[in-house]
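Spelled out from the first residue to the last, the chains are:
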Amino acid sequence: MQGELMSPYRLNFHKVYDLTERVLPTGVDTTPPDPQEHARFLITRYLRANGLGLPSEIAYLRRGSKPFISRVVDEMVSSGELTQIHAAGTSYYALVTSLEMLNKPLSRNKLKILSPFDNLVIQRKRIQALFDFDYLLECYYPATKRQYGYFSLPVLWDGKLVARMDCKADRKTLVLQIHHLALEPGLKKTDAFARSLSIELASFMKFNGCEHLHVHRCSPASFKSVLQRIINN
(Lines give C-alpha, C1' and ligand atoms only; values in the text may rest on other atoms or scores of the structure.)
Protein backbone atom coordinates (compact mmCIF):
# COMPACT_ATOMS: atom_id res chain seq x y z
CA MET A 1 0.00 0.00 0.00
CA GLN A 2 2.93 2.37 0.62
CA GLY A 3 4.60 1.61 -2.71
CA GLU A 4 7.85 0.36 -1.21
CA LEU A 5 7.34 -3.08 -2.73
CA MET A 6 5.90 -4.23 -6.06
CA SER A 7 5.04 -7.61 -7.53
CA PRO A 8 6.88 -8.25 -10.83
CA TYR A 9 5.34 -11.69 -11.46
CA ARG A 10 3.56 -14.71 -9.97
CA LEU A 11 5.05 -18.14 -9.35
CA ASN A 12 2.12 -20.56 -9.64
CA PHE A 13 -0.38 -19.22 -7.07
CA HIS A 14 2.15 -17.05 -5.22
CA LYS A 15 2.99 -13.38 -5.77
CA VAL A 16 6.71 -12.62 -5.89
CA TYR A 17 7.69 -9.26 -4.38
CA ASP A 18 10.75 -7.07 -4.92
CA LEU A 19 11.89 -3.56 -4.10
CA THR A 20 10.03 -0.99 -6.16
CA GLU A 21 13.20 0.54 -7.62
CA ARG A 22 14.07 -2.83 -9.15
CA VAL A 23 10.60 -3.35 -10.66
CA LEU A 24 9.38 0.05 -11.84
CA PRO A 25 10.42 0.86 -15.44
CA THR A 26 12.89 3.69 -15.90
CA GLY A 27 11.35 6.97 -16.98
CA VAL A 28 8.33 6.72 -14.68
CA ASP A 29 7.78 9.97 -12.77
CA THR A 30 8.10 9.01 -9.11
CA THR A 31 7.65 12.53 -7.74
CA PRO A 32 5.26 12.18 -4.79
CA PRO A 33 2.00 14.13 -5.23
CA ASP A 34 1.07 16.66 -2.61
CA PRO A 35 -1.68 15.55 -0.18
CA GLN A 36 -4.42 17.41 -2.07
CA GLU A 37 -3.42 15.87 -5.42
CA HIS A 38 -3.32 12.44 -3.81
CA ALA A 39 -6.75 12.85 -2.21
CA ARG A 40 -8.26 14.11 -5.47
CA PHE A 41 -6.78 11.11 -7.31
CA LEU A 42 -8.20 8.64 -4.75
CA ILE A 43 -11.63 10.28 -4.82
CA THR A 44 -11.86 10.41 -8.62
CA ARG A 45 -10.62 6.87 -9.20
CA TYR A 46 -12.90 5.44 -6.52
CA LEU A 47 -16.02 7.17 -7.81
CA ARG A 48 -15.28 6.23 -11.42
CA ALA A 49 -15.02 2.59 -10.39
CA ASN A 50 -17.89 2.47 -7.88
CA GLY A 51 -20.35 5.13 -9.04
CA LEU A 52 -20.97 6.61 -5.62
CA GLY A 53 -19.26 6.53 -2.25
CA LEU A 54 -18.49 8.01 1.15
CA PRO A 55 -15.18 9.45 2.41
CA SER A 56 -14.90 6.50 4.80
CA GLU A 57 -15.21 4.07 1.86
CA ILE A 58 -12.70 5.99 -0.26
CA ALA A 59 -10.26 5.93 2.70
CA TYR A 60 -10.70 2.16 3.12
CA LEU A 61 -7.36 0.54 4.15
CA ARG A 62 -5.63 3.95 4.04
CA ARG A 63 -4.99 4.76 7.67
CA GLY A 64 -5.28 8.42 8.63
CA SER A 65 -6.48 9.59 5.21
CA LYS A 66 -10.18 10.10 5.93
CA PRO A 67 -10.01 13.70 7.35
CA PHE A 68 -8.10 15.00 4.34
CA ILE A 69 -10.27 13.10 1.86
CA SER A 70 -13.37 14.58 3.53
CA ARG A 71 -11.98 18.11 3.11
CA VAL A 72 -11.17 17.58 -0.57
CA VAL A 73 -14.61 16.03 -1.14
CA ASP A 74 -16.18 19.24 0.26
CA GLU A 75 -13.97 21.31 -2.05
CA MET A 76 -14.97 19.23 -5.07
CA VAL A 77 -18.66 19.63 -4.17
CA SER A 78 -18.19 23.41 -3.95
CA SER A 79 -16.45 23.48 -7.34
CA GLY A 80 -19.26 21.48 -8.95
CA GLU A 81 -17.15 18.37 -9.69
CA LEU A 82 -19.07 16.22 -7.21
CA THR A 83 -22.73 16.03 -6.31
CA GLN A 84 -24.63 14.37 -3.48
CA ILE A 85 -26.98 11.45 -4.12
CA HIS A 86 -29.35 9.90 -1.60
CA ALA A 87 -29.53 6.10 -1.64
CA ALA A 88 -30.69 3.60 0.98
CA GLY A 89 -31.18 6.38 3.51
CA THR A 90 -27.62 7.70 3.16
CA SER A 91 -26.16 10.72 1.36
CA TYR A 92 -23.38 9.58 -1.01
CA TYR A 93 -21.07 11.49 -3.34
CA ALA A 94 -20.76 10.96 -7.09
CA LEU A 95 -18.96 12.56 -10.03
CA VAL A 96 -21.30 14.91 -11.87
CA THR A 97 -20.16 13.37 -15.17
CA SER A 98 -21.30 9.93 -13.95
CA LEU A 99 -24.93 11.08 -13.90
CA GLU A 100 -24.91 10.91 -17.70
CA MET A 101 -24.88 7.10 -17.37
CA LEU A 102 -28.41 7.25 -15.94
CA ASN A 103 -29.65 8.03 -19.46
CA LYS A 104 -28.31 4.71 -20.75
CA PRO A 105 -30.64 1.69 -20.59
CA LEU A 106 -29.74 -1.12 -18.20
CA SER A 107 -29.28 -4.51 -19.87
CA ARG A 108 -31.49 -6.41 -17.45
CA ASN A 109 -30.88 -9.82 -19.00
CA LYS A 110 -27.13 -9.53 -18.63
CA LEU A 111 -25.70 -11.59 -15.78
CA LYS A 112 -22.22 -11.51 -14.27
CA ILE A 113 -20.50 -13.95 -11.92
CA LEU A 114 -18.26 -11.80 -9.75
CA SER A 115 -15.01 -12.39 -7.94
CA PRO A 116 -15.17 -12.04 -4.13
CA PHE A 117 -12.56 -9.29 -4.59
CA ASP A 118 -14.52 -7.28 -7.15
CA ASN A 119 -14.76 -3.57 -6.32
CA LEU A 120 -18.53 -3.91 -6.07
CA VAL A 121 -18.50 -6.38 -3.17
CA ILE A 122 -15.16 -6.00 -1.42
CA GLN A 123 -16.55 -3.62 1.24
CA ARG A 124 -19.10 -5.69 3.15
CA LYS A 125 -20.92 -2.86 4.97
CA ARG A 126 -21.32 -0.88 1.75
CA ILE A 127 -22.80 -3.77 -0.21
CA GLN A 128 -25.18 -4.60 2.61
CA ALA A 129 -26.39 -0.99 2.80
CA LEU A 130 -26.87 -0.55 -0.96
CA PHE A 131 -28.01 -4.03 -2.03
CA ASP A 132 -29.19 -5.61 1.23
CA PHE A 133 -26.67 -8.37 0.43
CA ASP A 134 -24.75 -9.70 3.44
CA TYR A 135 -21.69 -11.20 1.78
CA LEU A 136 -18.91 -13.05 3.55
CA LEU A 137 -16.03 -14.99 1.99
CA GLU A 138 -16.34 -18.16 4.02
CA CYS A 139 -13.04 -19.84 3.06
CA TYR A 140 -11.58 -18.13 6.15
CA TYR A 141 -14.09 -19.92 8.40
CA PRO A 142 -14.19 -23.55 9.57
CA ALA A 143 -16.33 -25.81 7.39
CA THR A 144 -18.86 -26.26 10.19
CA LYS A 145 -19.58 -22.51 10.25
CA ARG A 146 -20.03 -22.02 6.49
CA GLN A 147 -23.53 -21.25 5.24
CA TYR A 148 -23.01 -20.99 1.48
CA GLY A 149 -19.68 -22.70 0.76
CA TYR A 150 -15.91 -22.42 0.73
CA PHE A 151 -15.56 -19.82 -2.06
CA SER A 152 -19.00 -18.55 -3.07
CA LEU A 153 -19.12 -16.04 -5.92
CA PRO A 154 -21.71 -13.21 -5.92
CA VAL A 155 -24.06 -13.17 -8.93
CA LEU A 156 -25.21 -9.81 -10.36
CA TRP A 157 -28.40 -9.76 -12.46
CA ASP A 158 -31.10 -7.22 -13.26
CA GLY A 159 -29.18 -4.55 -11.36
CA LYS A 160 -29.22 -6.59 -8.15
CA LEU A 161 -27.06 -9.12 -6.31
CA VAL A 162 -29.39 -12.10 -6.43
CA ALA A 163 -27.37 -15.26 -5.74
CA ARG A 164 -24.11 -16.88 -4.58
CA MET A 165 -22.40 -19.72 -6.39
CA ASP A 166 -19.86 -21.94 -4.64
CA CYS A 167 -18.02 -23.80 -7.38
CA LYS A 168 -14.73 -25.40 -8.33
CA ALA A 169 -13.12 -26.15 -11.69
CA ASP A 170 -11.85 -29.73 -11.80
CA ARG A 171 -8.94 -29.44 -14.24
CA LYS A 172 -8.43 -33.20 -14.55
CA THR A 173 -11.99 -34.07 -15.55
CA LEU A 174 -12.76 -30.66 -17.17
CA VAL A 175 -15.91 -30.41 -15.04
CA LEU A 176 -17.19 -27.26 -13.38
CA GLN A 177 -18.56 -28.47 -10.06
CA ILE A 178 -21.28 -26.17 -8.66
CA HIS A 179 -21.36 -27.32 -5.06
CA HIS A 180 -24.03 -24.85 -3.92
CA LEU A 181 -26.05 -22.26 -5.80
CA ALA A 182 -28.03 -20.17 -3.31
CA LEU A 183 -30.67 -17.69 -4.46
CA GLU A 184 -31.58 -14.60 -2.47
CA PRO A 185 -35.12 -14.68 -0.97
CA GLY A 186 -36.22 -11.69 -3.07
CA LEU A 187 -35.49 -13.37 -6.41
CA LYS A 188 -38.87 -14.15 -8.04
CA LYS A 189 -38.20 -14.42 -11.81
CA THR A 190 -36.38 -17.72 -11.47
CA ASP A 191 -36.93 -18.89 -15.07
CA ALA A 192 -35.54 -15.66 -16.53
CA PHE A 193 -32.65 -15.79 -14.09
CA ALA A 194 -31.88 -19.40 -15.02
CA ARG A 195 -31.78 -18.50 -18.72
CA SER A 196 -29.34 -15.64 -18.11
CA LEU A 197 -27.24 -17.81 -15.80
CA SER A 198 -27.00 -20.64 -18.34
CA ILE A 199 -25.67 -18.21 -20.96
CA GLU A 200 -23.05 -16.81 -18.59
CA LEU A 201 -22.09 -20.28 -17.36
CA ALA A 202 -21.03 -21.21 -20.90
CA SER A 203 -18.52 -18.33 -20.90
CA PHE A 204 -17.51 -19.04 -17.31
CA MET A 205 -16.79 -22.70 -18.11
CA LYS A 206 -14.70 -21.76 -21.14
CA PHE A 207 -12.72 -19.25 -19.09
CA ASN A 208 -11.97 -21.97 -16.51
CA GLY A 209 -11.10 -24.63 -19.08
CA CYS A 210 -14.15 -26.78 -18.36
CA GLU A 211 -16.30 -28.68 -20.84
CA HIS A 212 -18.94 -30.18 -18.55
CA LEU A 213 -21.13 -28.96 -15.70
CA HIS A 214 -22.34 -30.73 -12.56
CA VAL A 215 -24.83 -28.98 -10.27
CA HIS A 216 -24.82 -30.61 -6.84
CA ARG A 217 -27.12 -28.46 -4.73
CA CYS A 218 -29.37 -25.42 -5.00
CA SER A 219 -31.20 -23.34 -2.43
CA PRO A 220 -34.13 -23.54 -2.77
CA ALA A 221 -33.79 -27.16 -3.88
CA SER A 222 -36.55 -26.76 -6.50
CA PHE A 223 -34.35 -24.41 -8.55
CA LYS A 224 -32.00 -27.25 -9.49
CA SER A 225 -34.54 -28.83 -11.84
CA VAL A 226 -35.37 -25.41 -13.35
CA LEU A 227 -31.71 -24.74 -14.11
CA GLN A 228 -31.05 -28.26 -15.42
CA ARG A 229 -34.06 -28.04 -17.75
CA ILE A 230 -32.89 -24.77 -19.29
CA ILE A 231 -29.27 -25.91 -19.59
CA ASN A 232 -30.30 -29.17 -21.27
CA ASN A 233 -32.45 -27.32 -23.78
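Our subject in this report is the structure included herewith. For clarity, every value in this text was computed on a predicted model and none was experimentally measured.

Some points on the packing of helix H1 (residues 35-50) against helix H3 (residues 66-78)
- Following both chains from N to C, one finds H1 and H3 inclined at 75°, their axes separated by 9 Å at the closest point. Here H3 runs roughly perpendicular to H1, going by the angle between their axes. Residues Pro 35, Gln 36, Ala 39, Arg 40, Leu 42, Ile 43 and Thr 44 of H1 touch H3, and the partners they reach there are Phe 68, Ile 69, Val 72, Val 73, Glu 75 and Met 76.

A closer look at unusual backbone geometry
- The linkage connecting Ser 219 with the following residue, Pro 220, adopts the cis geometry, with an omega of 5°.
- Position of Pro 220 among the secondary structure elements: in the loop between strand S10 (218-219) and helix H6 (223-232).
- Notably, Asn 12 is not glycine yet its phi reads approximately 60°, a positive angle.
- Turning to its location among the elements, Asn 12 is positioned in the loop between strand S1 (5-11) and strand S2 (14-19).

Examining the state of the cysteines
- The full count for this structure, using the stated rule, is 0 disulfides.
- Here Cys 139 stays free of any disulfide, with the sulfur of Cys 167 as its closest cysteine sulfur at 13 Å.
- Given the relative accessible area of 19%, Cys 139 is considered buried.
- Here Cys 218 stays free of any disulfide, with the sulfur of Cys 167 as its closest cysteine sulfur at 12 Å.
- A residue is classified by how much of its surface remains accessible, and Cys 218, at 6% relative accessible area, is buried.

Notes on the side chain of Glu 184
- On the secondary structure map, Glu 184 appears in the loop between strand S8 (175-183) and helix H5 (190-207).
- Residue class for Glu 184 comes out buried when judged on its relative accessible area of 15%.
- Looking at Glu 184, its side chain comes within polar contact range of the side chain of Arg 164, at 3.1 Å.
- Excluding residues within four positions of it along the chain, Glu 184 makes contact with Asp 132, Phe 133, Leu 161, Val 162, Ala 163 and Arg 164.

Regarding a nonpolar patch on the surface
- On the surface, a cluster of nonpolar side chains totalling about 840 Å² of accessible area is made up of Met 1, Tyr 60, Leu 61, Phe 117, Ile 122, Tyr 140 and Tyr 141.
- Within the element layout of this structure, Phe 117 appears in the loop between strand S5 (111-113) and helix H4 (124-131).

Observations regarding H1
- Between its terminal C-alpha atoms H1 stretches 22 Å, which fits the 22 Å expected from 16 residues at 1.5 Å a residue.
- Along H1, the residues that are buried comprise Ala 39, Leu 42, Ile 43, Thr 44, Tyr 46, Leu 47 and Asn 50.
- N-capping of H1 is provided by Asp 34, with a side-chain oxygen placed 3.0 Å from the backbone N of Gln 36.

Cut-offs used in this document
Residues numbered from 1 in each chain as written. Predicted model: local features only at pLDDT ≥ 70, side-chain atom pairs only at ≥ 80, totals over all residues. Heavy atoms only, no water. Axes fitted to C-alpha atoms, helices over the stretch in contact; angles between N-to-C directions. Helix = DSSP H or I, 4+ residues; strand = E, 2+ residues; numbered from the N terminus. Parallel < 35°, antiparallel > 145°, perpendicular 65-115°, else oblique. Contact = heavy atoms within 4.5 Å. Disulfide = S-S within 2.5 Å. Buried < 20%, exposed > 50% of the residue type's maximum accessible area, 1.4 Å probe, protein only. Polar contact = N/O pair within 3.5 Å; in protein donor to acceptor, adjacent residues only side chain to side chain. Patch = residues over 30% accessible without salt bridge, like charges linked within 9 Å, V, L, I, M, F, W, Y side chains within 5 Å. Areas by Shrake-Rupley, 256 points an atom, 1.4 Å probe, with all protein chains shown as cover. Salt bridge = Lys/Arg side-chain N within 4 Å of Asp/Glu carboxyl O. Expected span 1.5 Å × (residues − 1).

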